[in-house]
Amino acid sequence: MRVYVPLTLPGLAAAHAAGELGPGPLTAYAVTPGLREWYVSDDIEELEYAALNRAASASLRLLAGAPGVARRRVVVAVDVPDQDAVADPDRGLDASSLGEVRIASAVPLTKAAAVHADADDAEPDVAAAAAALGAADHGDDDAQFTVDGAEDHELLWFGVQEIPHLIA
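Predicted model, so just to flag it, every value in this text is computed and none were measured.

Visitor: How should the overall build of the chain be read in this particular structure?
Guide: Within the chain, the secondary structure is distributed over 6 helices and 9 strands. Against the globule reference of 15 Å for 168 residues, the chain gives a C-alpha radius of gyration of 15 Å, in line with a compact fold. Considering only C-alpha atoms, the chain reaches an extent of 40 × 40 × 25 Å along its principal axes. Counting the 168 residues in the chain, one finds 43% classified as buried. Looking at the chain alone, contacts between residues at least 24 apart form 76% of all its contacts between residues at least 6 apart. Positive and negative charge centroids in the chain, built from 10 and 28 side chains respectively, lie 5 Å apart.

Take a look at the structure:
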């Protein structure tokens, strides 16, 4: 199963140094039954893109809690055995947890298929979105508009061998 692990650039640097994503448990995003029902599509590429976007939103939340960290969302796509990615059935259709899975233990970085990250030019919008996230969570429409502005930036695709360049 392809899962998408939200990180920050320092988190990616730590994973690169350790050779693994972890320690567990890890929160990741994948094509779960709840995501399928919410997205209403049978196209696996569209569903995986939706899971990637859920992970990008989780990366934004990590950034909101980490002042001083480069304002670029980072998501690592990794392949794990199906039984290793467990969705919470009680939260399956909870909008805040759509596509969310738990992975009990660390995942070797050799299982990574790709890294997705914001381009440098997205940093101002991502910084504004991270700053506005709390207000958006409390129903502020203007803040939500700012948060949505970060989502207008597509994450770029990077090969795993490009991680040293990303974290430099």
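Once the structure has been displayed, the description carries forward.
Visitor: Would you mind going over the packing of helix α3 (residues 44–64) against helix α4 (residues 123–137) with me for this structure?
Guide: In helix packing, the relevant descriptors are the interaxial angle and the interaxial distance, both defined with respect to the helix axes. Where α3 contacts α4, the two axes come as close as 9 Å, and the packing angle between them is 90°. Taken together, the axis directions place α3 and α4 in an arrangement best described as roughly perpendicular. Across the interface between the two elements, Leu60, Arg61, Leu63 and Ala64 from α3 touch Val126, Ala129, Ala130, Leu133 and Asp137 from α4. Looking at the contact of α3 with α4 residue by residue, the classes come out as 7 nonpolar, no polar and 2 charged.

Visitor: Is there a simple way to explain the nonpolar core in this structure?
Guide: The tendency in soluble globular proteins is for nonpolar side chains to be buried side by side. Counting 25 residues, the largest nonpolar core has Val3, Leu12, Leu21, Val76, Val78 and Val115 as its most contacted members. Elements supplying a minimum of two residues to this core: β1 (2–7), α1 (9–18), β3 (26–29), β4 (74–79), β6 (100–103), β8 (112–117) and α6 (163–167). Val115 has contacts with Leu12, Val74, Val75, Val76, Leu156, Trp157, Phe158, Ile163 and Leu166, leaving out every residue within four places of it along the chain. Of all hydrophobic cores here, the second largest spans 15 residues; its members include Tyr4, Ala58, Ala77 and Leu98.

Visitor: Is there a simple way to think about α3 in this case?
Guide: The α-helix advances 3.6 residues per turn, and as a result positions three or four apart in sequence lie on the same side. With 21 residues, α3 extends 30 Å from end C-alpha to end C-alpha; this agrees with the ideal 30 Å at 1.5 Å per step. Those residues of α3 that sit buried are Leu47, Ala50, Ala51, Leu52, Arg54, Ala55, Ala56, Ala58, Ser59, Leu60 and Leu63. Where α3 begins, the capping side chain belongs to Asp43, and its oxygen is found 2.9 Å from the backbone nitrogen of Glu45.

Visitor: Even after reading the chapter, I still don't get the pattern of salt bridges, so can you show me in this structure?
Guide: Pairing is possible between side chains of opposite charge, provided their charged atoms come close. Scanning the model with the defined rule gives 5 salt bridges in all. Here Asp79 and Arg2 are joined by a salt bridge, their closest N and O atoms 2.7 Å apart. Residue Asp79 is located in strand β4, and its partner Arg2 is located in strand β1; the two are separated by 77 residues in the primary sequence. Asp120 is paired through a salt bridge with Arg72; the nearest N and O atoms lie 3.2 Å apart.

Visitor: It is not clear to me how α1 should be interpreted in this structure. Could you clarify?
Guide: Restricting attention to buried positions, one finds in α1 the residues Leu9, Leu12 and Ala15. Down the axis of α1, the sector holding all buried residues measures 120°, keeping them to one side. Turned more than 90 degrees from where α1 packs its buried face, Ala17 and Ala18 sit exposed. Against the buried residues of α1 lie β1, β2 (20–21), β4, β8 and α6. Just beyond α1, the residue with positive phi is Gly19, at close to 80°.

Visitor: Where do I start with the packing of aromatic side chains in this structure?
Guide: Each aromatic ring pair is characterised by the separation of its centres together with the angle its planes make. Overall, the coordinates contain 1 aromatic pair when judged by the stated rule. The cationic tip of Arg54 hangs over the ring face of Trp38; the distance from NZ or CZ to the ring centre is 5.9 Å.

Visitor: Could you clarify how one ought to interpret unusual backbone geometry in this entry?
Guide: Peptide bonds are, in most cases, trans, and in most cases residues other than glycine have a negative phi. Along the chain, Gly22 connects to Pro23 via a cis peptide bond; the corresponding omega equals 5°. Here Pro23 lies in the loop between β2 and β3. Of the consecutive residues Gly24 and Pro25, the connecting peptide bond is found in the cis state with omega at 0°. Structurally, Pro25 is set in the loop between β2 and β3.

What counts and what doesn't
- Residues numbered from 1 in each chain as written.
- Predicted model: local features only at pLDDT ≥ 70, side-chain atom pairs only at ≥ 80, totals over all residues.
- Heavy atoms only, no water.
- Helix = DSSP H or I, 4+ residues; strand = E, 2+ residues; numbered from the N terminus.
- Rg over C-alpha atoms; globule rule 2.2 N^0.38 Å.
- Buried < 20%, exposed > 50% of the residue type's maximum accessible area, 1.4 Å probe, protein only.
- Contact = heavy atoms within 4.5 Å.
- Lys, Arg positive; Asp, Glu negative; His and termini not counted.
- Charge placed at Lys NZ, Arg CZ, Asp CG, Glu CD.
- Axes fitted to C-alpha atoms, helices over the stretch in contact; angles between N-to-C directions.
- Parallel < 35°, antiparallel > 145°, perpendicular 65-115°, else oblique.
- Nonpolar A, V, L, I, M, F, W, Y, C, P; charged D, E, K, R; others polar.
- Core = buried A, V, L, I, M, F, W, Y, C linked by side-chain atoms within 4.5 Å.
- Expected span 1.5 Å × (residues − 1).
- Polar contact = N/O pair within 3.5 Å; in protein donor to acceptor, adjacent residues only side chain to side chain.
- Salt bridge = Lys/Arg side-chain N within 4 Å of Asp/Glu carboxyl O.
- Arc of directions from axis to C-beta.
- Phe/Tyr/Trp six-rings, centres within 6.5 Å; stacked < 30°, edge-to-face > 60°.
- Lys NZ or Arg CZ within 6 Å of the ring centre and 35° of its normal.

Function cannot be read off these values alone, since they describe shape.
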